[in-house]
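Chain residues, written in single-letter form:
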Amino acid sequence: MNAAEDGREGAARDVPREVAGAAGYRSAFVRAGDGLRLHARVYGEAPDRALPVVCLPGLARNAEDFHALALRLSRDREAPRRVIALDYRGRGLSEHDRDWRRYDIAVEMQDVLAALAALDVPEAAFVGTSRGGLIIMALAATRPAILRAVVLNDIGPVIDAKGLIRIRGYVGKLPTPKSWAEAVDALKRLQGAQFPGLDAEGWLSLARGTWTERADGTLALAYDLALMKTLEQLDLEQSPPPLWPLFEGLAHAPVLAIRGAHSDLLAAETLAEMGRRHPRLETEEAAGEGHAPLLRGALAERIARFIAAAEAGGAPGRRDPPPAPTGGEPRMPQVR
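Residues numbered from 1 in each chain as written. Predicted model: local features only at pLDDT ≥ 70, side-chain atom pairs only at ≥ 80, totals over all residues. Heavy atoms only, no water.

S.K.: Help me understand the overall build of the protein chain, please; the structure alone is not making it clear to me.
M.R.: The number of helices and strands found in the protein chain is eleven helices and eleven strands. Looking at the protein chain residue by residue over its 336 residues, the buried ones come to 57%. Partitioning the intrachain contacts of the protein chain with sequence separation of at least 6 by distance along the chain shows that 77% fall at a separation of at least 24. Element-wise, carbon and sulfur atoms account for 50% of the exposed surface of the protein chain, whose accessible area totals about 14300 Å². (Helix = DSSP H or I, 4+ residues; strand = E, 2+ residues; numbered from the N terminus. Buried < 20%, exposed > 50% of the residue type's maximum accessible area, 1.4 Å probe, protein only. Contact = heavy atoms within 4.5 Å. Areas by Shrake-Rupley, 256 points an atom, 1.4 Å probe, with all protein chains shown as cover.)

Below, the structure is given as structure tokens:
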């Protein structure tokens, strides 16, 4: 049985105090197809009166990255939306997999589908940061009807190897800070060139999506260290093969593509080509930020307007989604 367990009840013992008592969302736990326990933050309440939104994070990130956006969408005065932000297996509050090889996009795509079935989400607007965007493209190839609108945050069909090399250099290798101030300082040293315009609140937000605070007050990485093994398998002497056929599977849905001005994973040339190939693609650049932009403030407002417009104009003129292919599940690179 794959029913959602409410974090306010029996599952609450597994939730840190700062999560269980936080305003604006509840924790829900579901079972993956192989029985692994997965966590999601749920903002707002069903039944949905507006199109729900599903948020998918990067490789070593988790639902925390979408907190500001989810609050904005779930508290919208005109159309409050249910927002579901997922922790992949081995990240956040989800259970770790004993086999690191299952930290794989095809497996995680099936986990997303299992979670949405348990939470009764037949279709939604999807927001995917980096790896989350690759999972969305995989969904377009297998379950296109579930995608009503798509936001791709600093990810596209062509992935720059330079960014992957940088990500591989720190995933699973970060220090254990003694305080949030130390955590912020560590990230500034590591990613200062990527985020020259980030303010103090933004750095703390990045830190809180990187480490988690234990009951005794100490900090620990918010993901399974075995994730580094998935990156060690990549040959980064050249960029991964392009994924244009998967991206073109999104042609039936409006897409907003966001690029960090300092991104080393999504090139400006790739973003331009995405616009030439997609009939309803909008773009937005995040000034002063790199990979991946924080979805807050003006970017959260931009996403809210995009989803509202997609919902309002989606019914009569919306293209029918293409049929799902009958071949094997897509294989794609493991990236943040």
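S.K.: Which parts of the structure should I look at to understand helix H2 (residues 67-74)?
M.R.: Turn by turn, an α-helix covers 3.6 residues, leaving residues three or four places apart pointing in a common direction. Every buried residue belonging to H2 is among Leu69, Ala70, Leu71, Leu73 and Ser74, and all of these are buried. Residues of H2 that are buried make contact with strand E3 (37-43), strand E4 (53-56), strand E5 (83-87), strand E6 (124-129) and helix H11 (297-313).

S.K.: Help me understand the packing of aromatic side chains in this model?
M.R.: Aromatic ring pairs are reported here in terms of the distance separating the ring centres and the angle at which the planes meet. Enumeration according to the criterion identifies three aromatic pairs in this entry. Plain terms: the ring middles of Trp244 and Phe247 are 5.8 Å apart, the flat faces sit at 80° to each other, and that makes the pair edge-to-face. Taken together, the residues Trp244 and Phe247, both in helix H9 (residues 244-248) and three residues apart, mark about one turn of the helix. Neither residue differs from the other here; Trp244 and Phe247 are each classed as buried. Its end group placed over the ring of Trp180, Arg208 keeps NZ or CZ at 4.4 Å from the ring centre. Positioned above the aromatic ring of Trp244, the side-chain terminus of Arg277 is 4.1 Å from the ring centre. (Phe/Tyr/Trp six-rings, centres within 6.5 Å; stacked < 30°, edge-to-face > 60°. Lys NZ or Arg CZ within 6 Å of the ring centre and 35° of its normal.)

S.K.: Is there a simple way to explain the environment of Ala183 in this structure?
M.R.: For Ala183, the position within the fold is in helix H6 (residues 180-191). Between the C-alpha atom of Ala183 and that of Trp203, which follows or precedes it by 20 residues, the distance is 9.1 Å. Residues within four places of Ala183 in sequence aside, it is in contact with Pro177, Ala207, Trp211 and Leu219.

S.K.: Please explain unusual backbone geometry as it appears in this structure.
M.R.: Excluding glycine, residues mostly have negative phi values, and the peptide bonds linking residues are mostly trans. Cis geometry is found at the peptide bond from His291 to Ala292, where omega equals -5°. Position of Ala292 relative to the elements: it lies in the loop between strand E11 (281-286) and H11. Even without being glycine, Asp120 reaches a positive phi, approximately 60°. Here Asp120 shows up in the loop between helix H3 (105-118) and E6. Even without a glycine there, the phi angle at Ser130 is positive, about 50°. Assessed through its relative accessible area of 0%, Ser130 is described here as buried.

S.K.: What should I look at first to understand the pairing of strand E2 (residues 25-31) in this one?
M.R.: Most of E2 sits inside the fold, with six of its seven residues counted as buried. Here seven bridges tie E2 to E3, and the two strands are oriented antiparallel to one another. Note that in E3 the partner of Tyr25 across the bridge is Tyr43. The turn linking E2 back onto E3 is made up of five residues, and Gly35 within it adopts a positive phi angle of 95°. (Pairing = 2+ DSSP bridges.)

S.K.: What am I meant to see in the nonpolar core here?
M.R.: The nonpolar side chains of a soluble globular protein tend to be buried, and buried together. Core analysis: the largest hydrophobic core is formed by 77 residues, its most contacted members being Leu56, Phe126, Leu147, Val171, Trp211, Leu250 and Met274. Ranked by residue count, the leading element in this core is helix H4 (residues 131-142), at eight residues. Those residues in contact with Met274 that lie beyond four places of it in its chain are Leu152, Ile155, Gly156, Pro157, Trp244, Phe247, Ala257, Leu266 and Leu281. Core analysis: the second largest hydrophobic core is formed by 28 residues, Phe66, Leu73, Ile258 and Ala304 among them. (Core = buried A, V, L, I, M, F, W, Y, C linked by side-chain atoms within 4.5 Å.)

S.K.: I'm lost on the environment of Val158 in this one. Help?
M.R.: Examined against the element boundaries, Val158 turns out to sit in the loop between strand E7 (147-153) and helix H5 (161-168). The class of Val158 is partly exposed, set by a relative accessible area of 27%. As a C-alpha pair, Val158 and Phe247 span 89 residues in sequence and 9.9 Å in three-dimensional space. Apart from residues no more than four positions distant in its own chain, Val158 is found in contact with Pro242, Trp244, Leu265 and Thr270.

S.K.: How should the confidence of the model for the protein chain be read in this particular structure?
M.R.: Low-pLDDT portions of the prediction should not be read for the details of their coordinates. For the protein chain, the mean per-residue pLDDT works out to 88, and 86% of the residues sit at or above 70. Contacts from residues 324-336, a stretch scored under 50 in pLDDT, to residues over four places away or in other chains number 50 contacts. (pLDDT = per-residue confidence, 0-100.)

S.K.: Just checking my understanding: could you explain H4 for this structure?
M.R.: The terminal C-alpha atoms of H4 lie 17 Å apart, and with twelve residues this matches the ideal 16 Å at 1.5 Å per residue to within 8%. Along H4, eleven of the twelve residues are buried, which leaves the element largely enclosed by surrounding structure. All of the buried residues in H4 are Arg131, Gly132, Gly133, Leu134, Ile135, Ile136, Met137, Ala138, Leu139, Ala140 and Ala141. If you follow the buried residues of H4, they end up packed against E4, H3, E6, E7 and H9. (Expected span 1.5 Å × (residues − 1).)

S.K.: I'm lost on the packing of H2 against H11 in this one. Help?
M.R.: For any two helices packed against each other, one specifies the inter-axial angle together with the distance between the axes. Relative orientation of the contacting elements H2 and H11 amounts to 45°, with a least axis distance of 10 Å. With respect to H11, the element H2 is oriented oblique. The hand of the H2/H11 crossing is right-handed. Counted together, Leu69, Arg72 and Leu73 of H2 and Ala300, Glu301, Ile303, Ala304 and Ile307 of H11 form the full contact between these two elements. (Axes fitted to C-alpha atoms, helices over the stretch in contact; angles between N-to-C directions. Parallel < 35°, antiparallel > 145°, perpendicular 65-115°, else oblique. Left-handed = near helix turned anticlockwise from the far one by under 90°.)

S.K.: Explanation requested: the side chain of Thr270 in the structure shown.
M.R.: Along the chain, the position of Thr270 falls in helix H10 (residues 268-277). Relative accessible area serves as the criterion here: at 7%, Thr270 is assigned to the buried category. Once you skip the residues sitting within four places of it in the chain, Thr270 turns out to touch Pro157, Val158 and Trp244.

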